[in-house]
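Remarks on the overall topology
The chain contents come next:
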Amino acid sequence: MASLSAFGDHLLLEHGASTHTQSAYLTDLQHFAKWLNANHITEQTTKNTLFNASSAQINAYLSHRLTHPDKKQRLSSRSLARHVSALKQFYRWLLQNEHIVLDPTAQLVAPAQIQSLPKTLTEDEITQLLATPQKYALKPHIALRDKALLGVMYASGLRVSEVVTLKFEHLHLNDGY
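Here the structure is a predicted model, which is why all the values come from computation and not from measurement.

Moving on, we come to the overall build of the chain. A count of helical and extended segments in the chain gives 8 helices and 0 strands. Counting helices and strands in the order they occur from the N terminus, the chain gives α-α-α-α-α-α-α-α. In terms of overall dimensions, the chain is more spread out than a globule: its C-alpha atoms have a radius of gyration of 25 Å, far above the 16 Å expected for 177 residues. Seen along its three principal axes, the alpha-carbon backbone of the chain occupies a region of about 75 × 35 × 35 Å.

Our next topic: the packing of helix H4 (residues 55-66) against helix H5 (residues 77-96). Axes are the key here: two packed helices are described by the angle between their axes and the distance separating the axes. For the pair H4 and H5, interaxial distance at closest approach is 11 Å and the crossing angle is 160 degrees. Regarding the angle of H4 to H5, the classification is roughly antiparallel. The interaxial crossing formed by H4 with H5 has right-handed handedness. Here Ile58, Tyr61, Leu62, Arg65 and Leu66 of H4 come into contact with H5, specifically with Leu80, His83, Val84, Leu87 and Tyr91. The class makeup of the residues in the contact of H4 with H5 is 8 nonpolar, 1 polar and 1 charged.

Under the defined criterion, the tally for this structure stands at 8 aromatic pairs. Between the aromatic rings of Phe32 and Trp35, the centroid separation amounts to 6.4 Å while the plane-to-plane angle is 15 degrees, which identifies the pairing as stacked. Of this pair, Phe32 and Trp35 both sit in helix H2 (residues 19-38), separated by 3 residues, roughly a single helical turn. Judged by its relative accessible area of 12%, Trp35 is buried. The structure contains a cluster of three or more aromatic residues connected by ring pairs, namely Phe7, Phe51, Phe90, Tyr91 and Trp93.

Calculation notes
- Residues numbered from 1 in each chain as written.
- Predicted model: local features only at pLDDT ≥ 70, side-chain atom pairs only at ≥ 80, totals over all residues.
- Heavy atoms only, no water.
- Helix = DSSP H or I, 4+ residues; strand = E, 2+ residues; numbered from the N terminus.
- Rg over C-alpha atoms; globule rule 2.2 N^0.38 Å.
- Axes fitted to C-alpha atoms, helices over the stretch in contact; angles between N-to-C directions.
- Parallel < 35°, antiparallel > 145°, perpendicular 65-115°, else oblique.
- Left-handed = near helix turned anticlockwise from the far one by under 90°.
- Contact = heavy atoms within 4.5 Å.
- Nonpolar A, V, L, I, M, F, W, Y, C, P; charged D, E, K, R; others polar.
- Phe/Tyr/Trp six-rings, centres within 6.5 Å; stacked < 30°, edge-to-face > 60°.
- Buried < 20%, exposed > 50% of the residue type's maximum accessible area, 1.4 Å probe, protein only.

In structure tokens form, the structure reads like this:
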């Protein structure tokens, strides 16, 4: 029978997940296993409860975590989405490796994520940001370069990764902009 550590190895080696994601997914699965045992869902061991969980049990667990009386135990929408992803990937992996015959998460849908708008800077914060290179640069030409980079980023909305890959030929100085 497969183990959580084997699934963790799969996440890192085959799925390309970060160690942070691996740790979070394994923790989420361990919480689910503990919940199954604490609620006497099955008489089997922790390892086997995960392998025999039904769709109804998974839905009951997620509902429990959303409405937990202790606010610290309640899941935010992001944490719920991660739990759903961990469960779906785990059961998909079990199915692919023929440890189970039906995926109990096949019909499970992750909640839509609310996209928050980025926070904007005040005029004073922008002025401070653009003055920072002159305060901290060791050489004047470095300060001018850094101020120009910050100005381009601010005026155009480009990311750091986009600004550092700009080339001189990307400039269209004769086009009036």
